[in-house]
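Here is what each chain is made of, one letter per residue.
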Amino acid sequence: MPGNVSALATEDGVRAVYAAHGAELFRFAYRSLNDRGLAEEAVQETFVRAWQASDRFDDRLGSLRTWLFAIVRNVVIDLSRARAVRPALAPGETDDVIDLTDDSVDRILGAWQVEEALRMLSDEHRIVLVEVHYRGRPYGDVAAVLGVPVGTVKSRVFYALKAMRLALEELGWNDDG
Amino acid sequence: MTADACREWRGALAAAALEREDPAQQIALRAHLDGCAACRAELDDLVAVARALPAADPDRLADTAQPSSRLAGQVVERVAEVRTRRRRRRIGRALAAAAVIAALLGFGGLLVANLGDDAETTTVEFPASDGVTARADLHGAVHGTEVRLEASGLEADEVYWLWLTDEGGERVAAGTFRGSDDEVAVTLTGALPLADTVRIWVTDEADSVVLDSPVRS
């Protein structure tokens, strides 16, 4: 995985960085802007800004991924503000794009990070975590639906949380806050 | 990591972290934690993860939107465009410096005339917006960018502003014009080199954006 911003110096490098991070940047932008076209525009703009500021990137301060997400966060705010003051481009175009503030985009980034980590879990782990924690279903009910003992469900929840921590850390999360 | 002897407590630790403890097991778990530093540390780790969970919306987990297959190529193209623009700008500055030197040497007219002949031109088709359709021909000139704008659907007698924007977001006014029931055709100039222009847009008297398009020279 390309972790050095100098990769952006060549066309192949840009393609490699896109292959590693493009889809997740898009998903975050789409989650924030609720508009596919605008989300793709955000990804393009993120790569342009990253290339323009590549001399300021210091990999001792953070990963390329973290740096790209800091850029896309600002791009999303800029695009949402530009979109909020602009009339709809075509009849029927959705007007769900809101003027995002720094706080609201940070909340979305936090939510997206946890959702992305949940997607990274195995089905077995994700199902028990969603059913037990998010749906609030009793362990016994979940065990009955899955056809396994209650103890197995409890054990899976434990390993799901452990896997969740690894996934979150991979996505740049830390438990400082 | 919890020692093997503590394996039986794992489910209870996870339940405690999620605040889903079995009341019957709660006292026993507390007693175990009092004497087991490894399980206390394990519980702290699990609680930190559990605290992050409420941020997510589980109904969104099935939403695994992917960008279009064209996006990779578009990203490469956009970066290449900006790279080329920056290179052109450097060349332009070098040529301008050469022109100044040439002028000082007495044959500047010839060099400036040649620069004018090689000036770039690009055409922008604005996305239709609220019944307004427009296109613009942008011509790079020594004094900035000359814009020939043809638009229809604008409000008669409304005053419009034409703007150009550079990569840094700085906007330059290219002038004003009045709308008409007929097609409007105006030529305005903004003091921004075409190579530096990344956006062209029009605002109305209320400062609302009426037309907007990127410029890819």
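Residues numbered from 1 in each chain as written. Chains lettered and ligands numbered in written order. Predicted model: local features only at pLDDT ≥ 70, side-chain atom pairs only at ≥ 80, totals over all residues.

(A) The arrangement of the sheet that holds strand S4 (residues 159-166) of chain B in detail. All names here are of chain B. In spatial order, the strands read S5-S4-S7-S8; together these four strands make up an open sheet with antiparallel pairing. Of all strands in the sheet, those bounded by a partner on one side alone are strand S5 (171-178) and strand S8 (209-214). Neighbour-to-neighbour, the strand axes of the sheet open up by a mean angle of 15°, direction not taken into account. When S4 meets S5, the two strands line up antiparallel, connected through seven bridges. Residue Trp-163 lies in a different strand from S5, and its bridge partner there is Ala-173. (Pairing = 2+ DSSP bridges. Helix = DSSP H or I, 4+ residues; strand = E, 2+ residues; numbered from the N terminus. Axes fitted to C-alpha atoms, helices over the stretch in contact; angles between N-to-C directions.)

(B) Seen up close, helix H2 (residues 36-52) of chain A. Helix length check: H2(A), at 17 residues, gives a terminal C-alpha distance of 24 Å against a target of 24 Å (1.5 Å per residue), a fit within 8%. In terms of burial, H2(A) is largely enclosed, as twelve of its 17 residues are buried. (Expected span 1.5 Å × (residues − 1). Buried ≥ 20, exposed ≤ 12 C-beta atoms within 10 Å, placed from the backbone.)

(C) How the structure looks around the interface of chain B and chain A. Opposite the 42 residues of chain B that make contact, chain A presents 42 residues. Those elements that provide at least two residues to the side of chain B that touches chain A are helix H1 (10-17), helix H3 (37-52), helix H4 (71-105) and S8 of chain B. The element contributing the most residues to the side of chain B that touches chain A is H4(B), with nine residues. Here the residues of the side of chain B that touches chain A sort into 27 nonpolar, seven polar and eight charged. (Contact = placed C-beta atoms within 7 Å. Nonpolar A, V, L, I, M, F, W, Y, C, P; charged D, E, K, R; others polar.)

(D) A look at unusual backbone geometry. Within the chain, Asn34(A) stands out as a residue other than glycine whose phi angle is a positive 60°. Relative to the elements of secondary structure, Asn34(A) occurs in the loop between helix H1 (11-33) and H2. Phi at Glu19(B) takes a positive value of approximately 60°, unusual for a residue other than glycine. With respect to the helices and strands, Glu19(B) occurs in the loop between H1 and helix H2 (23-34). Since 9 C-beta atoms lie within 10 Å of it, Glu19(B) is described here as exposed.

(E) Layout of helix H4 (residues 102-120) of chain A. For H4(A), with 19 residues, the first-to-last C-alpha span of 27 Å sits near the 27 Å given by 1.5 Å per residue. Here H4(A) has its buried residues at Trp112(A), Gln113(A), Val114(A), Glu115(A), Glu116(A), Ala117(A) and Leu118(A). Tucked into the core, H4(A) has its buried residues touching H1, helix H5 (123-134) and helix H7 (150-170) of chain A together with H3 of chain B.

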